[in-house]
Amino acid sequence: MFCRSHFRAGAPPVIDPVGTAFPNQTAVTLAWNLTLSVGARQQQNQTLVNVSSPACGDWFVAAHLPEDDGKIQQKGLPSCFYLFQPQMLIRRAVDTPTLLPNIPLSQTLSSAHTPSILKFFVPEFSTQLAVTIVTCAVEGVARPTCGLGLLIGSASSGRDSRLTYNCSGEGPCTASVSAPPWGTWVQVAVETSLANVTMTFNISANSTVACKPKSAPADFNSNFTVSVSNGTTAPNVSTETSAVARGDSSAGSCILTPAVSREDTDVLSLRFTVADGNLTVPSDPPTLVTFDLNSAATSGGTLNVQISLNRSSVIGGFTSVRACLTPSVPVMALNNSQSCATAFVQGYSLSVDSSVTETALRIPFPEASMWYLTLQTLCNNSSECSNVSAVVGVSVNVSACIDDCGAYGDCRLLRTHSYLYASCACKAGWRGWGCTDGSKALSFSLQLRSVLFLTLSNLLFLPPIILALYRGYLPEAAVYLYNMFFSTFYHACDQPGVTVLCILDYDTLQFCDFLGSCTSVWVTVICMAKLQDLFKYVLFMSGALLIAMAMSLDRHGLWNFLGPLLFALITMVSAWVYRGVGRRQCYPPLWRRWVFYLLPGIALALIGVCVYVFAETDGNYLYTHSLWHVLIATSILFLLPPRDTHTQPWGWTHSLCGYKICKNQKEDLYTVS
């Protein structure tokens, strides 16, 4: 047995424990995982994971056990219990020195195992970050090289994803980082390969802003609320417009940045809309669209991006429109050689052209950050690209699940403590994040066979109903009929695929099925006790009421079924012992009753209980549970006691047709003296 844990910064980890296929057009970066071995007899197993220089913000940990064997474990039986309890210990670097732009800072490094940690703030629109070790000295003596190394960035996925630079050469050492994340602190670590020495060095940093829209406000990514007033107020729905700079389309503009509005439509559901509808994407400058997902409330859903090309709007030597989607920082220019990647993040590339006019991308659990979509038109001749453009439609939204889990799944909102996220619950053997992996899907013939087995097996209750009516046990027959009816339609509704028929709410049908099954066993055993009618009917009613209460509390609990059964058995045995002592002989007195009725009936009932409790699995459920129906119904035929000596066969029919159905009229008259 092993437990696998997954780590990720900024959003929950995207995992695939059983190796299913992801839906088409879905971009997935699987999280870093760690496998913990859990022995069958181990009481505790602790594992320490050390993440040096972690990325700032929220971290998420997910854990799961291996796929089970499909055995249906009855609630109440002894079973293995596993508790996953993560704990986080943080060691902070206090008073971290701050690098100011173009101002050298002197630092001392005294150990090869303890690097010097600094930080530098990268402003918006920065296209490059340069960190330079100007000079260094060992034990107060200046040297051309000190064996220094630079580590820039932080670990974001459980692995050390920092950029490493070796400064072993002579002279100043400069580390250049293209497309650093905007509006964040970047960590810079300086370490040495020399041991047992004390060295000093001067370090400086600078960020380069190569392109900034002319109309960019002071806070490029600030949000303001747009009030939409029509005389009424719509609760829980807000519209936020990102105050994105509207790039000037005149000559000299380095980038176009249209305004984008954001509308929160539901839980884990929001929509972004470009202010002008469609976008006219030229070859130069590129177009930058910003989406604010910098909230943990949106990282538990799925980011959907769709781009469509209007072929009639193409101007000039058009080749394609290329797009690049990245978090934290955009790619400021796109061409045939430029990759869709930033300093620390690999972006998501999309493209539309005359042959493929639409493309889509789904990203489960997007990182909580500002997201940027860069679009640029590519042409077939660089000398004739000045007037090349195309009109594209951009649709961006966040949904709870991928395509609402399709036709074979249900989208469910889950909560862990205060964090809300969504997941698909698949059915009919379909699997995967969007319930699109049909490698183990149930065929229609198997679904039809399942519903027929589980429903038609309940018709075996017809013989007990007829026998109970023949022997004058009307309440028992009514209970058996109730059980047969609701068990049939519950299993017709409790189907994973398309062969489903629900005449009532699923929860109501399930409650009635469980109530009918337990009450059928209860009235049968009480009837076998051969009590006086007054005591029998009191036990019938009180038992049915108590069983209904127990089922409403926990209908899956095994003791909710075994408890009434044991009490009924104790009542029956007590009544039989009382009669046996009074008559000084075994009760029932006839050996034929024991051999041909009681012992076979008890054996069938015990086999049915063992099949129900120990043998059911997901794979054989339709056979074992149908066998449970057959065995219990057949056992009632053997266990139901014979009619009373004064009761005629089908005697209840005379009561329905004559005066016995009500009290005699003379009994209702008062005698007046």
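Note on numbering: residues in each chain are counted from 1, in written sequence order. With pLDDT at 70 or above as the cut-off, local features in this predicted model cover only qualifying residues; side-chain atom pairs require 80 or more to be listed or tallied, and sums for whole chains, interfaces and linings still use all residues. By convention in this description, side-chain values take in all heavy atoms of the structure and omit both hydrogens and water.

- Looking at an unreviewed UniProt entry, one finds the protein named Post-GPI attachment to proteins factor 6 isoform X4, with Clupea harengus as its source organism.
- UniProt positions are given in the numbering used here, feature names are shortened, and annotations may be inferred rather than shown by experiment. The Sequence similarities (unreviewed entry) field of the UniProt record for the protein holds the comment "Belongs to the TMEM8 family."
- In UniProt, the protein has this text filed under Subcellular location (unreviewed entry): "Cell membrane".

1. Digging into the side chain of S635
- Checked against the element boundaries, S635 lands in helix α8 (residues 621-639).
- According to the relative accessible area criterion, S635 is buried, its value standing at 4%.
- For this analysis, residues touch if any pair of their heavy atoms sits within 4.5 Å. For S635, the contacting residues outside a window of four places in its chain are G601, L604 and A605. We count a stretch as a helix when DSSP gives it H or I for four or more residues in a row; a strand needs E for two or more, and each element gets its number in order from the N terminus. Each residue is assigned to one of three classes by its accessible area relative to the maximum for its type, calculated with a 1.4 Å probe on protein chains only: buried under 20%, partly exposed between the two thresholds, exposed over 50%.

2. With respect to the packing of aromatic side chains
- Stacked, tilted and edge-to-face are the three classes applied to pairs of Phe, Tyr and Trp rings, where Trp contributes its six-membered ring and a pair requires centres within 6.5 Å; stacked means planes under 30 degrees apart, edge-to-face means over 60, and tilted covers the rest. Applying the stated criterion across every chain yields a total of 23 aromatic pairs.
- Here F121 and W185 contribute two aromatic rings whose centre-to-centre distance is 5.4 Å and whose plane-to-plane angle is 65 degrees, an arrangement assigned as edge-to-face. Note that F121 is positioned in strand β5 (residues 116-122) and W185 in strand β11 (residues 184-192), a separation of 64 residues in sequence.
- We classify F121 as partly exposed; its relative accessible area is 36%.
- Measuring from centroid to centroid gives 4.9 Å for F485 and F489, while their planes differ by 50 degrees, and the two rings are tilted. Here F485 and its partner F489 are both found in helix α3 (residues 474-493), four residues apart, which amounts to about one turn of the helix.

3. Digging into the sheet that holds strand β20 (residues 318-327)
- Spatial strand order, β18-β23-β20-β21: four strands in an open sheet with antiparallel pairing. Of all strands in the sheet, those bounded by a partner on one side alone are β18 (287-292) and β21 (348-353). Strand-to-strand twist in this sheet, taken as the mean axis angle between neighbours without regard to direction, amounts to 20 degrees.
- If DSSP finds at least two bridges between two strands, the strands pair. In the sheet, β20 pairs with strand β23 (residues 370-379) via nine bridges, with the strands oriented antiparallel. Convention adopted: a line fitted to C-alpha atoms gives each axis, helices being fitted over their contacting stretch, and angles between N-to-C directions are expressed from 0 to 180 degrees.

4. A look at a nonpolar patch on the surface
- Surface patches are defined over residues having more than 30% relative accessible area and no salt bridge, joining like charges when they lie within 9 Å and nonpolar side chains (Val, Leu, Ile, Met, Phe, Trp, Tyr) when within 5 Å. Note that accessible areas follow from Shrake-Rupley with a 1.4 Å probe, and for residues the cover is restricted to the protein chains shown. We define a salt bridge as a side-chain nitrogen of Lys or Arg found within 4 Å of a carboxyl oxygen belonging to Asp or Glu. On the surface, F444, L448, L452, L456, L459, L462, I466, V498 and W650 cluster together to form a nonpolar patch covering roughly 820 Å² of accessible area.
- Looking at the nonpolar patch, the elements that each hand over two or more residues are α1 (444-456) and α2 (462-470).
- A per-element tally of the nonpolar patch places α1 first, with four residues.
- Structurally, L452 can be placed in helix α1.
- Look at L452 and you get partly exposed, because its relative accessible area is 41%.

5. So, the side chain of T302
- Structurally, T302 is set in strand β19 (residues 302-315).
- On the basis of relative accessible area, T302 is assigned to the buried category, the value being 4%.
- Excluding residues that lie within four positions of it along the chain, T302 makes contacts with R362, I363, P364, P366, N397, V398, S399, A400, C401 and I402.

6. A short note on the nonpolar core
- As used here, the term nonpolar core means buried Ala, Val, Leu, Ile, Met, Phe, Trp, Tyr and Cys residues forming a set that is joined through side-chain atoms within 4.5 Å. With 47 residues, the main nonpolar core has Y480, W522, F561 and L640 as its most contacted residues.
- Here this core gets twelve residues from one element, more than from any other, and that element is helix α4 (residues 506-528).
- Residues V305, I307, L375 and V392 belong to the second largest nonpolar core, which totals 34 residues.

7. Quick word on α8
- How far a helix is expected to stretch is found by multiplying one less than its residue total by 1.5 Å. In this model, α8 (19 residues) spans 26 Å end to end at C-alpha, consistent with the 27 Å of a helix rising 1.5 Å per residue.
- Of the positions making up α8, those classed as buried are L622, T624, H625, S626, W628, H629, L631, I632, A633, S635, I636 and L639.
- In the core, the buried residues of α8 are packed alongside α1, α2, α3, α4, α6 (559-583) and α7 (591-615).

8. Brief notes about unusual backbone geometry
- A cis amide bond links D284 to the next residue, P285, at an omega of 5 degrees.
- Residue position: P285 is located in the loop between β17 (279-282) and β18.
- Of the consecutive residues Y587 and P588, the connecting peptide bond is found in the cis state with omega at -5 degrees.
- Here P588 shows up in the loop between α6 and α7.
- Here D403, not a glycine, exhibits a phi torsion of approximately 50 degrees, which is positive.
- At A428, a position not held by glycine, the phi torsion is positive, near 60 degrees.
- Within the secondary structure, A428 sits in the loop between β26 (419-426) and α1.

9. Focus: the state of the cysteines
- Here, two cysteine sulfur atoms that lie within 2.5 Å of each other are counted as a disulfide. Tallying each qualifying case throughout the model produces seven disulfides.
- Residue pairing for C401: its cysteine sulfur links by disulfide to C411, the two sulfurs lying 2.1 Å apart. With the S-S dihedral at roughly 80 degrees, the linkage between C401 and C411 falls on the right-handed side. Of this pair, C401 sits in the loop between β24 (389-399) and β25 (409-416) while C411 sits in strand β25; the two residues are ten residues apart in sequence, bridging distant segments of the chain.
- Given the relative accessible area of 6%, C401 is considered buried.
- Residue class for C411 comes out partly exposed when judged on its relative accessible area of 27%.
- In this model, C405 is linked to C424 through a disulfide, with the two sulfur atoms separated by 1.9 Å. Classification of the bridge connecting C405 and C424 rests on its S-S torsion, roughly -90 degrees, and on that basis the disulfide is left-handed. With C405 in the loop between β24 and β25 and C424 in strand β26, this residue pair connects regions lying 19 residues apart in the sequence.
- Classification of C405 as buried rests on a relative accessible area of 0%.

10. Points about the UniProt feature "transmembrane region" (unreviewed entry) in the protein
- Under the present numbering, the feature "transmembrane region" (unreviewed entry) in UniProt falls on residues 451-470, 534-553, 559-582, 594-615 and 621-640.
- Secondary structure across residues 534-553 comprises 100% helix and 0% strand; the distance between its end C-alpha atoms is 29 Å.
- As annotated, residues 621-640 comprises 95% helix and 0% strand, and the C-alpha atoms at either end are separated by 28 Å.

11. A look at the pairing of β5
- Of the two faces of β5, the one lined by S116, L118, F120 and V122 is fully buried and the one lined by I117, K119 and F121 carries no buried residue.
- Sheet topology note: the β5/β11 ladder contains seven bridges and is antiparallel. Across the sheet, F121 pairs through a bridge with W185, a residue of β11.

12. Here's the deal with the pairing of β25
- Alignment of β25 against β26, held across eight bridges, turns out to be antiparallel. When the sheet's bridge partners are listed, G409 is paired in β26 with C426.
- If you look at the hairpin formed by β25 and β26, you'll find two residues sitting between the two strands, and H417 has a positive phi there, around 60 degrees.

13. Quick word on α2
- Within α2, the full set of buried residues consists of P464, I465, L467 and A468. All buried residues of α2 lie within an arc of 165 degrees about the axis, which places them on one face of the element.
- Along its buried surface, α2 packs onto α3 and α8.
- Directly beyond the C-terminal end of α2, a positive phi value near 85 degrees is found at G472. Starting at the helix axis, one direction is taken to each C-beta atom, and the arc is that of these directions.

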